[in-house]
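A structural walkthrough
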Protein chains: 2
Amino acid sequence: MARHQEVLIALRQIIRATDLYSRKLSKVAGLTAPQLLILQAIDAHGEMTMGDIATEVSVSQATVTVILDRLEKRALIERKRGERDKRRVYASLTHAGRDIMERAPTPLQEEFMARFSHLEDWEQSLILSSLQRVAAMMNAGDIDASPVLDLGAIDRAQPASEGLRRHGSNNHSTQTDQK
Amino acid sequence: MARHQEVLIALRQIIRATDLYSRKLSKVAGLTAPQLLILQAIDAHGEMTMGDIATEVSVSQATVTVILDRLEKRALIERKRGERDKRRVYASLTHAGRDIMERAPTPLQEEFMARFSHLEDWEQSLILSSLQRVAAMMNAGDIDASPVLDLGAIDRAQPASEGLRRHGSNNHSTQTDQK
DNA sequence: GCTTAAAGTTTAGATGTCAAAATAGTTTAC
DNA sequence: GTAAACTATTTTGACATCTAAACTTTAAGC
C-alpha cells in the first residue's frame, strides 16, 4: 500500500477514535469534547466573546454559537450583551458550569494519556513534533516560505499552533468572510 | 504548556484541516472525502455490502447507509439486494460513479501530499509510524498486550491498520450492538 | 410449521461542523 | 448627520457521524 494511503488510514482512525471518545465522554460526564474545551477556555480566560472562543479552540464562530446555545440551555454558561459595544456577546461560566467542568475527565482519552505518558521523553517529543508537522503541512495554504520543510524541524518541537496562526490569511481563520 | 495539551491542539488542527479540505473537495469535485473514500473502496473491491464498506473505511454502518443514500440519489452507485441472502445489500459503482471518482483529486490534501512526498524517506516513515502509534494508543481499548508500547516500534512502520483490526473485539467494530 | 434468536440494514435523534446569508450595531466619509 | 463600509453574532442549510431502536430476512429449535 502506498504510504500516503497509510497516512490517510491512520488519520481516519485517529479522527474516529477522537469522535468516539467524545461521545463516551458525553455519557460519562454529560459533556462532549468540544463542549468541555469551550468551558475550559472560558474558565481560563474569564468572559469571552464568541470570536475569542472560536479562535481559541479552533472552530468557526457558527459552531461556537451552536455549542453555546446548548450549554446555555443547560445553564452551564451565561451570555451577556456587551454594554460598550452591543454587537459583542460575552459568555461566562455559571456555578453549575464550573462545577461540571471540574468534575469532567480530560478531553483527550485517558487511556491515550496514560500510554503517552509512559513513553520515554524523547518519544513523546517525537510524536508531538510529528503531529505538529502534519498539522503544519495541512494548513500549509498560508505558509509563505517553507520553514517546516527543513529537516532540523523535526526535533525542535516548537509550538506550531502559534506559528500557524500568525499567518492568518484565510485558511482556517474562522471569520475570514471574504464574500 | 503541558505536552499532552500540545498534542491535543495539534490533533484538533489536523482534524479541522481534514474537515475543511473535505468541504473544499466537495466544491471542486462534487464529492466529500468520505464519499470519495467509499467510492474508491467499492471500485477496488467490486460489489460490497454495507458492513464491508463500514469496516473498510472505518465508519459505522449507519454512516455508510446515509452516504450511500446520497450517492445513490445522484446515480453514482447502485444497490442490489442479495439473492441468496436477502438481508444483504450490495453496492456497486455506476458508470457515472466511476467517472466522477476518477476525475476527483485525492482525499488527502494535495498540498499535504506534495509536501509529504518532498520529505526524505526516513522522515515519511517517522511521521507515518507516529500517526500509527497515536492511532494505536487511542484504539487501545482492545489491544491485549502492548506491543505498540515497546520502543523499537517507532521505526518499524509496520501497517498498524491491519494489526488493529485483527483484535476486533468491540471498540470500533461498527456493529457491536450489545443491547 | 411456528416461534425465537441472530444478522444485516435502515431509520430516528443528537452533535459537531462549516460557509453563506441575514441581522444588528459601529465607524468612517463626505 | 446620514449613507456606506465594516464587524460581531446568529440563522440557515448541508454534511458526516454516532448510538439505539426498528425492521426485514434467515436460520434454528421444538
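Keep in mind that what you see is a predicted model, and the values were worked out from it rather than measured. (Residues numbered from 1 in each chain as written. Chains lettered and ligands numbered in written order. Predicted model: local features only at pLDDT ≥ 70, side-chain atom pairs only at ≥ 80, totals over all residues. Heavy atoms only, no water.)

1. Here's the deal with the packing of helix α1 (residues 3-29) of chain A against helix α7 (residues 121-138) of chain B
- Contact pair α1(A) / α7(B): the axes reach a minimum separation of 9 Å and the direction vectors enclose 25°. In this view, α1(A) runs roughly parallel relative to α7(B), as classed from their interaxial angle. Taken as a pair, α1(A) and α7(B) cross one another with a handedness that is left-handed. In contact with Arg3(A), Glu6(A), Val7(A), Ala10(A), Leu11(A), Gln13(A), Ile14(A), Ala17(A) and Thr18(A) of α1(A), α7(B) contributes Asp121(B), Gln124(B), Ser125(B), Leu128(B), Leu131(B), Gln132(B), Val134(B), Ala135(B) and Met138(B).
- Class assignment for the residues of the contact of α1(A) with α7(B) results in 10 nonpolar, 5 polar and 3 charged. (Axes fitted to C-alpha atoms, helices over the stretch in contact; angles between N-to-C directions. Helix = DSSP H or I, 4+ residues; strand = E, 2+ residues; numbered from the N terminus. Parallel < 35°, antiparallel > 145°, perpendicular 65-115°, else oblique. Left-handed = near helix turned anticlockwise from the far one by under 90°. Contact = heavy atoms within 4.5 Å. Nonpolar A, V, L, I, M, F, W, Y, C, P; charged D, E, K, R; others polar.)

2. Things to note about the protein's contact with DNA strand C
- For DNA strand C, the set of nearby residues contains 31 residues, the closest of which are Thr32(A), Ser60(A), Thr63(A), Arg70(A) and Arg16(B).
- The sugar-phosphate backbone supplies 78% of the atoms of DNA strand C found within 4 Å of the protein.
- Here a base nitrogen of DNA strand C sits 3.0 Å away from a polar atom, N or O, in the side chain of Arg87(A).
- Within the contact set of DNA strand C, a phosphate oxygen lies 3.2 Å away from a backbone nitrogen or oxygen of Gly51(B).
- Here the surface near DNA strand C takes 6 residues from helix α1 (residues 3-29) of chain B, the largest share from any one element. (Near = heavy atom within 4 Å. Polar contact = N/O pair within 3.5 Å; in protein donor to acceptor, adjacent residues only side chain to side chain.)

3. Some remarks on the protein's contact with DNA strand D
- Surveying the vicinity of DNA strand D reveals 29 residues, the closest of which are Arg16(A), Thr32(B), Ser60(B), Thr63(B) and Arg70(B).
- Across the atoms of DNA strand D situated within 4 Å of the protein, the share located in sugar and phosphate is 80%.
- A distance of 3.1 Å is found between a phosphate oxygen of DNA strand D and a side-chain nitrogen or oxygen belonging to Thr65(A).
- The contact in question runs from a phosphate oxygen of DNA strand D to an N or O atom on the side chain of Thr63(B), over 2.3 Å.
- Listed by contribution, the elements that provide at least two residues to the surface near DNA strand D are α1, α3 (50-57) and α4 (61-73) of chain A together with α2 (33-45) and α4 (61-73) of chain B.

4. Brief notes about the pattern of salt bridges
- Going through the model one piece at a time under the given rule, you end up with 21 salt bridges over all chains.
- Put simply, Arg98(B) and Asp43(B) hold a salt bridge, and the shortest N to O gap is 3.4 Å. Of this pair, Arg98(B) sits in helix α5 (residues 95-103) while Asp43(B) sits in helix α2; the two residues are 55 residues apart in sequence, bridging distant segments of the chain.
- Within the structure, one salt-bridge network assembled from shared partners comprises Asp69(A), Glu72(A) and Arg79(A). (Salt bridge = Lys/Arg side-chain N within 4 Å of Asp/Glu carboxyl O.)

5. Considering the sheet that holds strand β1 (residues 48-49) of chain B
Residues and elements named next belong to chain B.
- Judged by pairing direction, the sheet is antiparallel, and its 3 strands sit side by side in the order β1-β3-β2 without closing on themselves. For this open sheet the edge positions go to β1 and β2 (77-81), each flanked by a neighbour on one side alone.
- Across the sheet, α2 is in contact with β1, β2 and β3 (89-93); its angle to β3 comes to roughly 95°. (Pairing = 2+ DSSP bridges.)

6. Things to note about the packing of aromatic side chains
Residue and element names in this part refer to chain A.
- Applying the stated criterion to the full structure yields 2 aromatic pairs over all chains.
- Each ring, one from Phe112 and one from Phe116, has its centre 5.7 Å from the other, and the planes form 15°; the classification is stacked. Of this pair, Phe112 and Phe116 both sit in helix α6 (residues 110-118), 4 residues apart, which is roughly one turn of that helix.
- The class for Phe116 is buried, based on a relative accessible area of 3%. (Phe/Tyr/Trp six-rings, centres within 6.5 Å; stacked < 30°, edge-to-face > 60°. Buried < 20%, exposed > 50% of the residue type's maximum accessible area, 1.4 Å probe, protein only.)

7. A word on the packing of helix α2 (residues 33-45) of chain A against helix α5 (residues 95-103) of chain A
Residues and elements named next belong to chain A.
- Direction vectors running N to C along α2 and α5 enclose 115°, while the axes themselves pass 10 Å from each other. In the crossing of α2 with α5, the sense of the turn from one axis to the other is left-handed. From α2, Leu36, Leu39, Gln40 and Asp43 reach across to α5, where they touch Gly97, Arg98, Ile100 and Met101.
- For the contact of α2 with α5, the per-class residue count stands at 4 nonpolar, 2 polar and 2 charged.

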